[in-house]
Amino acid sequence: MDSHKYVFFTYVLELNVGGCFYTTSRSTLTRYPDSMLDAMFSGRLPSKVDQYNRYIIDGDGPTFRHILNFLRRSKLILPDEFKEFDILSTEADFYQIEDLIQLIKYKKKVNERKVTCLDFIEVEKCSNTWRISTSVGNIFNKLPSIQWAISRQFDDIKKTPEFVVHLPYIQNHLTLLRDITQLGFTFETACSGSKDCWTFTRENEAIG
């Protein structure tokens, strides 16, 4: 019998991705309707299995774990020392997951910025919370929008040692983005999908 046989739909799926094996659900793999995985596992493209009934995907096996985790959580979580952005980007293109493609570009820019002498500010909207992170310790004191939010929501403000502030509410995010550019920062990247985010950079300098 041909081991590359066609199989009927099941909910829990075993995958063989470049010789690496994964277990997941059909709903996870079809989460993004325009993706190649959705076409493959919704029946629009033929799917084949190996001799153990694992679906065969001709992709990079180790990298697929990042693809699968994104499909599961709608977040791109990478190790701190991750360097294989080109491989990950190529795989995301192969699977045609547009939100992931844009998020990888954003993460790659952030990673490149960390090894250069640039100040940065990142603004992210996650559900009902705003997250503003920066490499400049006292930058929040220079942003009127942040000061306005802090003055009205002091009990709900969360700060971390890494110059990050979490705000439950910002009156006008466009005003905040304008305030950032007035401090000499230049808009660099934006991403959208499960969250909206904007990144600004400038050459490293001290804030007086």
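Residues numbered from 1 in each chain as written. Predicted model: local features only at pLDDT ≥ 70, side-chain atom pairs only at ≥ 80, totals over all residues. Heavy atoms only, no water.

**A few points about the overall build of the chain**
Secondary structure assignment for the chain yields 7 helices and 9 strands. Classification of the 208 residues of the chain by burial places 42% in the buried group. Counting only contacts in the chain whose residues sit at least 6 apart along the sequence, the fraction spanning at least 24 positions is 58%. Carbon and sulfur atoms make up 51% of the accessible area of the chain, which totals about 11,900 Å². (Helix = DSSP H or I, 4+ residues; strand = E, 2+ residues; numbered from the N terminus. Buried < 20%, exposed > 50% of the residue type's maximum accessible area, 1.4 Å probe, protein only. Contact = heavy atoms within 4.5 Å. Areas by Shrake-Rupley, 256 points an atom, 1.4 Å probe, with all protein chains shown as cover.)

**Side note on the side chain of H66**
As for its position among the elements, H66 is in helix 3 (residues 64–73). Once residues within four sequence positions are removed from consideration, H66 is found in contact with I77, L78, P79, F82 and L88.

**A short note on the environment of K107**
Secondary-structure assignment places K107 in helix 5 (residues 98–114). Taking the C-alpha atoms as reference points, K107 and L76, separated by 31 residues in sequence, lie 8.6 Å from one another. Excluding anything up to four places from it in sequence, K107 contacts L76 and F85.

**What about the environment of S47?**
For S47, the location among the structural elements is in the loop between helix 2 (36–41) and strand 3 (55–57). When its relative accessible area of 9% is taken as the criterion, S47 is described as buried. In this structure the side chain of S47 is engaged in a polar contact, spanning 2.8 Å, whose partner is the backbone oxygen of M40. (Polar contact = N/O pair within 3.5 Å; in protein donor to acceptor, adjacent residues only side chain to side chain.)

**A short note on the pattern of salt bridges**
Applying the stated criterion across every chain yields a total of 6 salt bridges. One salt bridge connects R44 with D38, and the closest N-O pair in it is separated by 2.4 Å. With a shortest N-O distance of 3.4 Å, R178 and D179 are connected by a salt bridge. On the accessibility criterion, D179 (6% relative accessible area) is buried. (Salt bridge = Lys/Arg side-chain N within 4 Å of Asp/Glu carboxyl O.)

**Points about the packing of helix 3 against helix 4 (residues 85–95)**
Between helix 3 and helix 4, the least distance of the axes is 10 Å, while the angle of their chain directions is 55 degrees. In terms of orientation, helix 3 and helix 4 fall into the oblique class. Of the two elements, helix 3 crosses helix 4, and the hand of that crossing is right-handed. Side by side, helix 3 and helix 4 meet where F64, H66 and I67 of the first sit next to L88, E91, A92 and Y95 of the second. Classifying every residue of the contact of helix 3 with helix 4 by side-chain character gives 5 nonpolar, 1 polar and 1 charged. (Axes fitted to C-alpha atoms, helices over the stretch in contact; angles between N-to-C directions. Parallel < 35°, antiparallel > 145°, perpendicular 65-115°, else oblique. Left-handed = near helix turned anticlockwise from the far one by under 90°. Nonpolar A, V, L, I, M, F, W, Y, C, P; charged D, E, K, R; others polar.)

**Section: the packing of aromatic side chains**
Summed over the entire model, instances satisfying the criterion amount to 8 aromatic pairs. Taking 5.0 Å as the distance between ring centres and 70 degrees as the angle between the ring planes, the aromatic pair formed by F41 and Y55 counts as edge-to-face. Of this pair, F41 sits in helix 2 while Y55 sits in strand 3; the two residues are 14 residues apart in sequence, bridging distant segments of the chain. Y55 shares its class with F41; the two are buried. Each ring, one from W130 and one from W198, has its centre 6.2 Å from the other, and the planes form 15 degrees; the classification is stacked. (Phe/Tyr/Trp six-rings, centres within 6.5 Å; stacked < 30°, edge-to-face > 60°.)

**Some thoughts on helix 7 (residues 173–181)**
Among the residues making up helix 7, those that are buried are L176, L177, D179 and I180. Around the axis of helix 7, the buried residues are gathered within 155 degrees of arc, so they sit on the same side. (Arc of directions from axis to C-beta.)

**Some remarks on the nonpolar core**
Counting residues in each nonpolar core, the largest one holds 34 residues, and the members touching the most others are L15 and F64. Broken down by secondary-structure element, the contributors of at least two residues to this core are strand 1 (12–17), helix 2, strand 3, helix 3, helix 4 and helix 5. When residues of this core are assigned to their parent elements, the largest contribution, 6 residues, is made by helix 5. Those residues in contact with F64 that sit more than four places away from it in its chain are L15, V17, Y22, L29, L37, I57 and Y95. V165, L167, L176 and W198 belong to the second largest nonpolar core, which has 17 residues in total. (Core = buried A, V, L, I, M, F, W, Y, C linked by side-chain atoms within 4.5 Å.)

Purely spatial values, then, with no claim about function.
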